[in-house]
Amino acid sequence: MRKLHFSRRDLLKASAAMAAGTFATRAVAAEAITPALAEAAKKEGKVAFYTAMDLPVAEKFGKAFEAKFPGISVRVERSGSERVFQRVGQEMTSGIHAVDLVNSADAAHFIVWKRNDWLAPYLPEEVARLYPAQYYDPDGFSVTTRVWLSSLGYNTNLVKPEDAPKSFADLLDPKWMGKMVKGHPAYSGTIMTATFQIVRELGWPYLEKLAKQKVMQVQSSTDPPKKLALGERGVMADGNDYNLIQLKEAGQPVEVIYPTEGTPLVTGPTGVFKSAPNPNAARLFQNWLHTLEAQQLLVDFARQHSVHPQVKEKPGVRKLSDIKLWKDDPAGVEKASEEIKTRYAQIFRV
Amino acid sequence: MTIALPAAAAPPKHKLDLSWPILILFAAVLCVLIILPMSWLLYYSLVDRTGAFTLANFKTLVTDPVFIDPLVTTLILAVSSSIICCLAAAPMGWLVARTDMPLRRTVRALVTASFVTPPFLGAIAWELLAAPNSGLLNKTFRAVTGAPQDEHLFNIYSLGGLIFVISCYTFPYVFVLVANALDRIPGDLEDASAILGGRTWTTARRVTVPLAMPALVAGALVAFLQAMTLFGSPAILAIPAGFHTMTTKIWSLFNYPPKPELAAAASIPLLILTVLLLRAEHFILGRRGYSVVGGKQGNPRLIKLEGLKWAALAFVFIVLMCPVFLPYGALLNATFSHVATSFVWFDNFTLHNIYFVFYELSATKLAVKNTFLLGAASATIGTVIALVIAYLTSRRAIAGYRALGFLATAPVAIPGIVLGVGLFLSYARPPLVLYGTLWILLIAFITIALPAAYQQLQSAFRSVHTDIEDASRILGATRLRTLWRITAPLLRTSVIATWCFIFVGVIRELSAAIMLFTSETKVISVLIFDLNESGDLGAISVLGLIMLVITFAVVIAVNRIPGFGETRLRNA
């Protein structure tokens, strides 16, 4: 195995270069799904997929993979990204090698894992051929699997459309006191990413005021949409937009709001672990997960955005180009995450 | 038949030969279970990141409001739950043990049902019932009274709600202690009072209640300890409401970046409080032991309630609504519902949740397998260890039996989450890395179950009078043969009951498991907790009902749990 050590500055330089589209050399060869790989994966017979996606979404990917490659069972290990990060760290430092590949909602985790030399370089052929360069690591340590937003939302039975908040600032109106729900940045990568961007754009005073609104504190970013659907709270102060879209399409009384100040953008990369107990199955799954087939499932069923250029959009999800987006910044999140967790706990008291 | 008197002379020598190895072996096992994790806990609480000695962790603990608030909350919680448990359980215990209220056996069975219901499952079920806006009870309240949307009858996400839910699953401890004490008070004492002219109520007030008082006080202490060390219910109900208890605070210290030193320090107050309260309990129960000695076990006299008996029964059933009927109903409703808190009817009935758990949820199989494996292994090994130690101590078979008995009882003073932290600190590091295997969970579960199992089997041994064993020995049987042919058959029921008791305890354990699981060693309780954090209530209901079915199958298989009163099922 090659050892790669990047300083944070190198990484920033590299990502800046990539974003500019001037960086084209790749350190690893792209690999296709070969019969030999599929055969070796089948011999292993299983793969452990740690992820933070909503559980039914993750299991859907698992079942689709099992149908495509019979004989390999996918075990989904779902938890919040920050919890997955803690779990992987605790397992790795204790010498437990249980994880094959991880899909996180906090892209900063891959900076840390790459620095720790825990990831295996593996670049799927379709990714190298079709994906825009800013969506995968040039050395193949991770690929952006999905893109979604942390939005606001409301329950249409409890809140009239004309009364619904339009912006983050609206949430500070006393009329929402005790009527909101939000996720936790020490559990969820989506909320961590969103909190980082909110602090960057609106500052801590916004969160300090929000904390005075008696917000119901749940953990996962998948939970606020579900609490809205139950009718437990009327307004969601953060959480996944894709869960809301899924629920709305299932006939639940919920609606998404993209706040006027801007909406936090979240990217969820996936990477294969070097010490994967099922290295071939892990690579096969990583490869398949970024094929057109799986990415179309991401759009059609999971109601998220794909960076695969051939994926066909399905009406019902607003185009990213039509939404005022805030920029994601994994390197910034990596530096700020500990402070965010500490300050958040002080402000919200949990 | 051979009559071989000399055989009786042989054992003493034999006994001496084996006593030291047995003592050392079992003492070593108990040290691994208890002393090692507690030593690491103490060590970590007294060092900083670099391993240098410091008192800074404790200083943080007593000065930082982030720790003081949870400690105060925990004390309020424990005191209130304890009082509520006594107010509900003491009259119930008396009604069941001492009056002619109808359906007394059914009531006992239902209390057992609330006893074996995992408290975290009860907490989730109460979310379904009494969440302020979506809760089924609040919805019903609004539908009936026409109250506006933002009014509610109950708010489970509050300190009061948490106290209520914890009391629901803690009151059986008090009930059992009180009912058993009242069962044992001989009727003669009450007869004496009656003969001396005391009327029914005077006798109850002057004789029965004072005799049951120590049991009630002990029950209050046990309830206090349970409420203080519970993890699942506060994690589910307190955090959405925006506050921590000590157990959830300790657990949150393991979030990245983990602070094991602070977690260890925060565990110490729980440990000290538990030890102090158990000493108090021992003191009180010790006195109770004298109070009923001397009376022959005449049947207790049942007080005739006359017209009040239906009122009494109504009171009991209203109490039992809270831990059993309402939560089970809510779980059943959510199982067949698209949205967990809408009432199921023919038009919105779904089997989707059941399909999801059995065919899509890839964690189900492993979690059920791990739970069964750990339950069976902990129950078997725990019963054997408890059986041997109970035999050695009750027959005083070896020197140092007192030390063994003490060690076997000691884990009762270690709250589950504290044990979890201690075991993690001990076994996630070389030389013995057990973290990540089922072994570390096995150690935790056996340790947690040992005190209750030991006490249960020890009282079983005491109830088999040595006369019978002596008769066998005199007739020429060896010690082992006597054990096998005489003692074992007499103890069979107790042994099976102990096994089931540990098995059920393992199924409902969460507080130690949450510290010790890894992705491959997940158990059902942890899986349910995970699902709660992502809001997958439908799947939780299905898994919860599976858990309850398994539990009741085991309980019903043995019909009941004898010796219920001497035992203490630990927190989840």
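Structural data are supplied above this passage.
Helix and strand content of chain A: 13 helices and 13 strands. Computed over its C-alpha atoms, the radius of gyration of chain A comes to 20 Å, within 12% of the 20 Å expected for a compact globule of 350 residues. In terms of overall dimensions, chain A has C-alpha extents of about 60 × 40 × 40 Å along its principal axes. Taken over 350 residues, chain A has a buried fraction of 64%. Sequence-distant contacts, at least 24 apart, represent 80% of the contacts inside chain A between residues at least 6 apart. A total of about 12,700 Å² of accessible surface is found on chain A, and carbon and sulfur atoms cover 54% of it. When the 46 positive and 39 negative side-chain charges of chain A are each reduced to one mean point, those points stand 2 Å apart.

Moving on, we come to the sheet that holds strand β9 (residues 216–217) of chain A. Residue and element names in this part refer to chain A. Strand order across the open sheet formed by five strands is β9-β8-β10-β7-β11, with mixed pairing between neighbours. This sheet does not close on itself; its edge strands, each paired only once, are β9 and β11 (254–257). Two elements, strand β8 (residues 180–182) and β9, share two bridges in a ladder whose sense is parallel. Pairing of valine 181 across the sheet is with methionine 216, part of β9. Against the sheet, helix α10 (residues 241–249) touches β7 (152–155), β10 (235–236) and β11, its axis set at about 145° to β11.

Let us now look at the environment of Met192(A). All names here are of chain A. Secondary-structure assignment places methionine 192 in helix α7 (residues 189–202). Assessed through its relative accessible area of 0%, methionine 192 is described here as buried. Taking the C-alpha atoms as reference points, methionine 192 and alanine 27, separated by 165 residues in sequence, lie 31 Å from one another. Methionine 192 has contacts with Glu82, Asp106, Pro185, Val333, Ser337, Ile340 and Lys341, leaving out every residue within four places of it along the chain.

This part is about the pairing of strand β3 (residues 73–78) of chain A. Residues and elements named next belong to chain A. Judged by how many residues are buried, β3 sits mostly within the fold: five of six residues are covered. Sheet analysis places strand β2 (residues 46–51) next to β3, joined by six bridges and oriented parallel. Across the sheet, tyrosine 50 pairs through a bridge with glutamate 77, a residue of β3. Handedness of the β-α-β unit built from β2, helix α3 (residues 55–68) and β3 comes out right-handed.

Turning our eyes to something else, we now look at the interface of chain B and chain A. Taken residue by residue, the interface counts 48 residues in chain B and 44 residues in chain A. For the pairing of chain B and chain A, the buried interface totals around 3,900 Å² over both sides, and the portion due to carbon and sulfur atoms is 51%. Where chain B meets chain A, there are six salt bridges. Inspection of the chain B/chain A interface yields 18 residue pairs in polar contact (both at pLDDT 80 or more). Elements with a minimum of two residues in the side of chain B that touches chain A: α11 (232–241), α15 (352–360), α16 (363–394) and α23 (524–533) of chain B. The element contributing the most residues to the side of chain B that touches chain A is α23(B), with four residues. For the side of chain B that touches chain A, the residue count by class is 24 nonpolar, 15 polar and nine charged.

Residue and element names in this part refer to chain B. Relative orientation of the contacting elements helix α17 (residues 401–409) and helix α19 (residues 438–463) amounts to 130°, with a least axis distance of 7 Å. Comparing the axis directions of α17 and α19 gives the class oblique. Across from Gly405, Ala408 and Thr409 in α17, the residues of α19 making contact are Leu450, Pro451, Tyr454 and Gln455. Here the contact of α17 with α19 is composed, by residue class, of four nonpolar, three polar and no charged.

Rules of the game
Positions within a chain are numbered from 1, following the residues in the order the chain's sequence is written. Starting at A for chains and at 1 for ligands, labels are handed out in the order in which the entities are written. This being a predicted model, a pLDDT of at least 70 is required before a residue's local features are given, and a value of 80 or more before pairs of side-chain atoms are given or counted; all residues contribute to the totals for chains, interfaces and linings. Excluded from the side-chain calculations are hydrogens and water; all other atoms, namely the structure's heavy atoms, are used. Every helix listed is a DSSP run of H or I at least four residues long, and every strand listed is a run of E at least two residues long, numbered separately from the N terminus. Atoms considered for the radius of gyration are the C-alpha atoms alone. The globule rule reads 2.2 Å times the number of residues to the power 0.38. Residue exposure (1.4 Å probe, protein chains only): buried if accessible area is under 20% of the type maximum, exposed if over 50%, otherwise partly exposed. Here, residues are in contact when the closest pair of their heavy atoms is within 4.5 Å. Areas reported here follow the Shrake-Rupley algorithm with a probe of radius 1.4 Å; residue values treat only the protein chains shown as occluding. In this count, Lys and Arg are taken as positive residues and Asp and Glu as negative ones, while His and the chain termini are left out. Charged groups are reduced to one reference atom each: NZ for lysine, CZ for arginine, CG for aspartic acid, CD for glutamic acid. In this description, strands pair whenever DSSP reports at least two bridges between them. Orientation is described by lines fitted to C-alpha atoms, with helices fitted over the stretch in contact, and by angles between N-to-C directions that extend from 0 to 180 degrees. When the strands point away from the viewer and the path from the first strand over the helix to the second turns clockwise, the crossover is right-handed. Summed over both partners, the accessible area lost on bringing two parts together, with a 1.4 Å probe, is the buried area. Salt-bridge detection follows one rule: a side-chain nitrogen of Lys or Arg within 4 Å of a carboxyl oxygen of Asp or Glu. Counting of polar contacts relies on pairs of N or O atoms within 3.5 Å, with two restrictions inside protein: one atom must be capable of donating a hydrogen and the other of accepting it, and residues adjacent in sequence are counted only when both atoms are side-chain atoms. Polarity classes work like this: nonpolar for Ala, Val, Leu, Ile, Met, Phe, Trp, Tyr, Cys and Pro, charged for Asp, Glu, Lys and Arg, and polar for all others, with Gly in that last group. An angle below 35 degrees is read as roughly parallel, one above 145 as roughly antiparallel, one from 65 to 115 as roughly perpendicular, and any other as oblique.

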